[in-house]
Amino acid sequence: MQRGVSYQKLLDGLQQRTWNLPFYRQQNTIASGGRHSFAITGHRFTQNETINFDDAEKACQSKTTLELLRSSLILNACSVETFVKHNYKILSWTRRLMGRSVFNAMMRPTVYKQFVGGDDFTSFQETVSRLQTVGVRPLVMVTLEEDVKDDGPDADQLFDRNLKIMKDCMEMTAALGSQNPMMQIKPSGLFPLALCKSVSAEIPFPSSEPEVVEKIANSMETSKEVTKLGNLSTIEIAQLNKALNRIKQICKVAMERKLMILVDAEYTYLNPCLNLLALAMMLHCNGSEPLVTNTYQNYLKETPNILLKDIELAQTHGVTFGAKLVRGAYIYKERALASEKGYPDPVCETFEKTTKNYNRSMDIMMEKVAKHPGKFCVTIASHNEDTVKRGTNKRIETSFGL
């Protein structure tokens, strides 16, 4: 479910081609299960069994004919390159022409409903119940308003409101009674964007500075405020301590409710800060089980190397480790920024190279899961059928020692 979702955010998601949507069939945690079988969205696979994506009747049995027609129209529109490239301008112009009320009335039952699981507990529960009847469990994603300035006099009210939304959604997710409940969060919704940029500039490779990760984790653990971090200003240090207090509350709910939280990744100029917070949250929360999972964008060339360094840090500190593997959603902006700023393009040159990167990260995590049961967890978060099939086959191989 996505609470407080803005149409701008929704349209941005369309433009990025990797949608932040509750399409749960291909957002699978495949790292669970015993030695001789493993679990994947309500089904247990045996040694000789594979996923069949060609069974249209099974894949669509939870959908009405009208929903299938709507999905076909919208997804076909999203495959048109011209529309994808200019969709925000097209839909913004349409909203001005039709007026906000008529535009919203058109969008809610169509595009909004296609990509959003619900905007309150009742509608969300209906969606989850319908999916669970066909063996699909939810991965809840919360998208927060981002069209409000986060550095104004009301900024703290915005962040506190976002914190409440996250905590409410966590409680709601846990209350569903689903096996291994999980929810994706955006820590960047809890503090100013400028602070995220500053921390990223100060600590570009968090796992290479374990003392900084320890300092942040200790602040979460003891509520002792951080007094200095690189060259952050006094104002930024104050903002950081408020952010850590909010994140500590997220961790508290996760630990009390045994709810896995997946820390989302964003742009490369923000990711070091988010990575730092995710690692600190792991030190704070991941004692006996991987409650905190970090997201690794494999369209970035250095991702497998960063993943290895993060694993090393977690193992050194004796905590469990979770990784959500994605390709990535910001390819156009990342390349544009690299060209504008004059630094090397961080994105893989081709889809094939991205897939090779993804497979390397997958192999790293699958081997860790097999060698250290209960200490590692991997989420294969992909819209690509070959990737999901490879993940399930790899898990079968490691489970049965093939």
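None of the values given here were measured: they were computed from a predicted structure.

Colleague: Please explain the nonpolar core as it appears in this structure.
Modeller: It is characteristic of soluble globular proteins that their nonpolar side chains tend to be buried jointly. Phe 191, Ile 216, Met 281 and Phe 321 are the most contacted members of the largest nonpolar core, which totals 76 residues. Looking at this core element by element, the count peaks at 10 residues for helix H11 (residues 271-285). Listed in part, the seven residues of the second largest apolar core include Phe 103, Met 107, Val 111 and Phe 115.

Colleague: Help me understand helix H13 (residues 331-341), please; the structure alone is not making it clear to me.
Modeller: The complete set of buried residues in H13 reads Glu 334, Leu 337 and Ala 338. End-on, the buried residues of H13 take up no more than an arc of 100°, which puts them together on one face. Within H13, the exposed residues directed more than 90 degrees away from the buried face are Ser 339 and Glu 340. Count one or two residues on from H13 and you reach Gly 342, which has phi positive near 80°.

Colleague: Help me out: how do you make sense of a negative patch on the surface in this one?
Modeller: There is a patch of like negative charges on the surface, built from Asp 54, Asp 55, Glu 57, Glu 385 and Asp 386. When you line up the elements, Glu 57 lands in helix H2 (residues 56-60). Glu 57 gets classed as exposed once you look at its relative accessible area, which sits at 68%.

Colleague: Please clarify how the pairing of strand E7 (residues 292-297) should be interpreted in this entry.
Modeller: On any regular strand, side chains alternate: one points to one face of the sheet, the next to the other face. Among the six residues in E7, six count as buried, and that is most of the element. Residues Val 292, Asn 294 and Tyr 296 line one face of E7 and the alternating positions Thr 293, Thr 295 and Gln 297 line the opposite face, and both faces are buried. Pairing between E7 and strand E8 (residues 321-326): five bridges, direction parallel. Bridge pairing links Thr 295 to Lys 324 in E8. Between the parallel pair E7 and E8, the chain is carried across by helix H12 (residues 303-316), and the sense of this crossover is right-handed.

Colleague: I'm lost on the packing of aromatic side chains in this one. Help?
Modeller: Each aromatic ring pair is specified by the distance between its two centres and by the angle formed by the two planes. All told, the structure shown has four aromatic pairs when counted by the stated rule. Relative to Tyr 269, the ring of Tyr 267 lies with its centre 5.5 Å away and its plane at 10°, an arrangement referred to as stacked. In this structure Tyr 267 comes out as buried when scored by relative accessible area, which is 17%. Exposure remark for Tyr 269: the relative accessible area of 27% places this residue in the partly exposed category.

Colleague: So what exactly am I meant to see when it comes to unusual backbone geometry here?
Modeller: Note: most peptide bonds trans; most residues except glycine with negative phi. With a phi angle near 65°, Ser 223 is a residue other than glycine that sits in the positive phi range. Take Ser 223: it is sitting in the loop between helix H9 (210-222) and helix H10 (234-257). Residue Lys 258 is not a glycine yet carries a positive backbone phi of 55°.

Colleague: Any chance you could explain a nonpolar patch on the surface here in plain terms?
Modeller: Side chains of Trp 93, Leu 97, Met 98, Val 102 and Met 106 sit close together on the surface and give an oily, nonpolar patch of about 490 Å² of accessible area. When residues of the nonpolar patch are traced back to their parent elements, those giving at least two are helix H4 (81-98) and helix H5 (100-115). Per element, the largest residue contribution to the nonpolar patch is three residues, and it comes from H4. Note on placement: Met 106 falls in helix H5.

Colleague: Just to check I follow, could you spell out H11 for this structure?
Modeller: Along an α-helix, residues three or four positions apart point the same way, because every turn accommodates 3.6 residues. Counted at 1.5 Å a residue, the expected span for H11 with its 15 residues is 21 Å, and the 20 Å between its end C-alpha atoms agrees. Most of H11 is tucked away, with 14 of its 15 residues classed as buried.

Colleague: Got a minute to help me understand the pairing of strand E6 (residues 260-263) in this structure?
Modeller: Burial along E6 is two-sided: the face carrying Met 260 and Leu 262 and the face carrying Ile 261 and Val 263 are both buried. Pairing of strand E5 (residues 182-185) with E6 involves four bridges; the strand directions are parallel. For Gln 184, the partnering residue across the bridge sits in E6 and is Leu 262. Alignment of E6 against E7, held across three bridges, turns out to be parallel. Looking at the pairing, Leu 262 lines up with Thr 293 of E7.

What counts and how
Residues numbered from 1 in each chain as written. Predicted model: local features only at pLDDT ≥ 70, side-chain atom pairs only at ≥ 80, totals over all residues. Heavy atoms only, no water. Core = buried A, V, L, I, M, F, W, Y, C linked by side-chain atoms within 4.5 Å. Buried < 20%, exposed > 50% of the residue type's maximum accessible area, 1.4 Å probe, protein only. Helix = DSSP H or I, 4+ residues; strand = E, 2+ residues; numbered from the N terminus. Arc of directions from axis to C-beta. Patch = residues over 30% accessible without salt bridge, like charges linked within 9 Å, V, L, I, M, F, W, Y side chains within 5 Å. Areas by Shrake-Rupley, 256 points an atom, 1.4 Å probe, with all protein chains shown as cover. Salt bridge = Lys/Arg side-chain N within 4 Å of Asp/Glu carboxyl O. Lys, Arg positive; Asp, Glu negative; His and termini not counted. Charge placed at Lys NZ, Arg CZ, Asp CG, Glu CD. Pairing = 2+ DSSP bridges. Right-handed = clockwise from strand over helix to strand, strands pointing away. Phe/Tyr/Trp six-rings, centres within 6.5 Å; stacked < 30°, edge-to-face > 60°. Expected span 1.5 Å × (residues − 1).

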